[in-house]
Amino acid sequence: MKMTFRWYGESDPVTLSHIRQIPNMSGVVTAVYDVPVGQVWPRERIAALRALCQNAGLAMEVIESVPVHEDIKLGRPTRDLYIQNYAENIRRLGEAGVRCVCYNFMPVFDWLRTDLHEKTEDGANVLAYEHQTLASLDPAHLSLPGWDESYTPDQLSGLLAAYRGIGHRELFDNLVYFLRGVLPACNEVGIDMAIHPDDPPWDMFGLPRILSSEEDIDRLFAALPDPHNGLTFCTGSLGAGRDNHLLRMAEKYARAGRIPFAHIRQIRYRGERDFAECGHLTAAGSLDIFGIVRALVRGGFDGYVRPDHGRNIWGEDGKPGYGLYDRALGATYLNGLFEAVQYYEREN
Ligand code: DNO
């Protein structure tokens, strides 16, 4: 296991030197943020980012994300050009020492929450999701951190309309087409593609989502058995789907060598499709974080881990989900779990 931490680049209030001081931190998970989606990242920008990380004593082996242009997801004729650009990005990143690229294939919206600052009893701030509230929102006027906010409401409406002809089958075929185009570059330079599951794992605003369950993931691996076709095992995303058996999935996909990257976080269930995020500890929420770590270790998991979304605590007013303190506590907790489980598995 290689412990990493997400870093949003030089504008991130969390600095590399803070990250470096978290025990066992091997590297950061980052990206070139200001090149428009679909364009190739300049080599010098990649090299400069890598130098910043290395000078701080941190590796830059995981990129999250190289975003996928909507034309690729929509299967528009322009997709071939964007796929070529994507493959070129992969080559450039591989040459710069990157080993894993996290991406998602969710139409239009990335992760969605209905409250980014819910106050908890102890005064912390967390992200929360309430399905009824979300269903009542106008998708053309959403603005949330973490997804591409460069659309105007008009562009967004146009995009939503363009998806009307795209169902689960079409979207899945477009994903396979995309991966067929980029996996050769991944093989050339030794990069694992790690698709991020849908967050939350169900359709949104009538838009299809195709990576929400074990069945969905099995279908993707069956369609493309290439070992570089991997998964970001995101416990919070998959875990919001109550039918997902995370322990079984973690061990199964780790054993198959399909988990180059894990996002580990905790959620607490409320209604059937409602949840709030919380501290990483197993006892803090509904997911068996200890069991998941044990399942990963038993499956021979040897990938990158990052503590996913933390609360905002100790007066920090950080980017929702991405402050320093609670993610550092999460990393420390996860380090302890991995150490204990690995020790125990070796001795028994
Ligand atoms: C949210 C993140 C996602 C993730 C993308 C990957 O906190 O996990 O935004 O980075 O879905 O492309």
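1. A short note on the overall build of the protein
Reasoning step 1: Scanning the protein from terminus to terminus reveals 12 helices and 12 strands.
Reasoning step 2: Its C-alpha atoms give the protein a radius of gyration of 19 Å, near enough to 20 Å, the size a compact globule of 348 residues would have.
Reasoning step 3: Burial status across the protein gives 57% buried among its 348 residues.
Reasoning step 4: Of the accessible surface of the protein, which amounts to about 14,400 Å², a share of 49% is contributed by carbon and sulfur atoms.
Reasoning step 5: Seen as two clouds, the 35 positive and the 47 negative side-chain charges of the protein have centres 3 Å apart.

2. Considerations on the site of the ligand
Reasoning step 1: The local shell around the ligand holds 15 residues, among which Glu64, Ser65, Asp110, His309 and Tyr322 are the closest.
Reasoning step 2: Here an oxygen atom of the ligand sits 3.4 Å away from a polar atom, N or O, in the side chain of Arg6.
Reasoning step 3: A distance of 2.7 Å separates an oxygen atom of the ligand from a polar atom in the side chain of Asp110.
Reasoning step 4: Summarising the interface, the protein chains cover 99% of the accessible area of the ligand, which totals 330 Å² for the free molecule.
Reasoning step 5: Residue composition of the shell around the ligand, grouped by class: 5 nonpolar, 6 polar and 4 charged.

3. Description of the packing of aromatic side chains
Reasoning step 1: For the coordinates displayed, the defined rule picks out 12 aromatic pairs.
Reasoning step 2: For the ring pair Tyr8 and Tyr33, a centre distance of 5.5 Å and an interplane angle of 35° mean the geometry is tilted. Of the two residues, Tyr8 is situated in the loop between strand 1 (2-6) and helix 1 (16-20) and Tyr33 in the loop between strand 2 (27-30) and helix 2 (43-55); the sequence distance between them amounts to 25 residues.
Reasoning step 3: With a relative accessible area of 38%, Tyr33 lands in the partly exposed category.
Reasoning step 4: The interplanar angle of 65° and the centroid separation of 5.4 Å between the aromatic rings of Phe109 and Phe205 together place this pair among those described as edge-to-face. With Phe109 in the loop between strand 4 (100-104) and strand 5 (115-119) and Phe205 in the loop between strand 7 (192-196) and helix 8 (214-223), this residue pair connects regions lying 96 residues apart in the sequence.

4. Details of the pattern of salt bridges
Reasoning step 1: By the definition in use, this model includes 26 salt bridges.
Reasoning step 2: In this structure, Arg92 engages Glu88 in a salt bridge whose closest nitrogen and oxygen atoms are separated by 2.9 Å. Of this pair, Arg92 and Glu88 both sit in helix 4 (residues 79-95), 4 residues apart, roughly one helical turn.
Reasoning step 3: The salt bridge involving Asp308 is made with Arg306; its shortest N-O contact spans 2.9 Å. For the pair shown, Asp308 and Arg306 are each scored as buried.
Reasoning step 4: Each member of the salt-bridge network shares a partner with another, and the members are Arg6, Glu64, Arg113, Asp199, Arg265, Glu277, Arg306 and Asp308.

5. Notes on the environment of Trp41
Reasoning step 1: Tracing the backbone shows Trp41 in the loop between strand 2 and helix 2.
Reasoning step 2: According to the relative accessible area criterion, Trp41 is buried, its value standing at 3%.
Reasoning step 3: It is 34 Å that separates the C-alpha atoms of Trp41 and Gly300, two residues lying 259 residues apart in sequence.
Reasoning step 4: Setting aside residues up to four positions removed in sequence, Trp41 forms contacts with Ala31, Val32, Val35, Ile46, Ile63, Ser65, Val66, Pro67, Asn89, Arg92 and Leu93.

6. Description of the packing of helix 8 against helix 10 (residues 246-255)
Reasoning step 1: At their nearest, the axes of helix 8 and helix 10 sit 11 Å apart, and the two run at 15° to each other. Our classification of the angle between helix 8 and helix 10 gives roughly parallel. When you trace helix 8 past helix 10, the crossing you get is left-handed. For the pair formed by helix 8 and helix 10, the contact residues are Glu214, Ile217, Asp218 and Phe221 on the first element and Arg248, Met249, Lys252 and Tyr253 on the second.

7. Here we look at a nonpolar patch on the surface
Reasoning step 1: Together, Trp314, Tyr325 and Leu329 make up a nonpolar patch on the protein surface, roughly 340 Å² of accessible area in all.
Reasoning step 2: Among the structural elements, Trp314 can be located in the loop between strand 12 (304-307) and helix 12 (325-347).
Reasoning step 3: We classify Trp314 as exposed; its relative accessible area is 61%.

The rules behind the values
Residues numbered from 1 in each chain as written. Predicted model: local features only at pLDDT ≥ 70, side-chain atom pairs only at ≥ 80, totals over all residues. Heavy atoms only, no water. Helix = DSSP H or I, 4+ residues; strand = E, 2+ residues; numbered from the N terminus. Rg over C-alpha atoms; globule rule 2.2 N^0.38 Å. Buried < 20%, exposed > 50% of the residue type's maximum accessible area, 1.4 Å probe, protein only. Areas by Shrake-Rupley, 256 points an atom, 1.4 Å probe, with all protein chains shown as cover. Lys, Arg positive; Asp, Glu negative; His and termini not counted. Charge placed at Lys NZ, Arg CZ, Asp CG, Glu CD. Near = heavy atom within 4 Å. Polar contact = N/O pair within 3.5 Å; in protein donor to acceptor, adjacent residues only side chain to side chain. Nonpolar A, V, L, I, M, F, W, Y, C, P; charged D, E, K, R; others polar. Phe/Tyr/Trp six-rings, centres within 6.5 Å; stacked < 30°, edge-to-face > 60°. Salt bridge = Lys/Arg side-chain N within 4 Å of Asp/Glu carboxyl O. Contact = heavy atoms within 4.5 Å. Axes fitted to C-alpha atoms, helices over the stretch in contact; angles between N-to-C directions. Parallel < 35°, antiparallel > 145°, perpendicular 65-115°, else oblique. Left-handed = near helix turned anticlockwise from the far one by under 90°. Patch = residues over 30% accessible without salt bridge, like charges linked within 9 Å, V, L, I, M, F, W, Y side chains within 5 Å.

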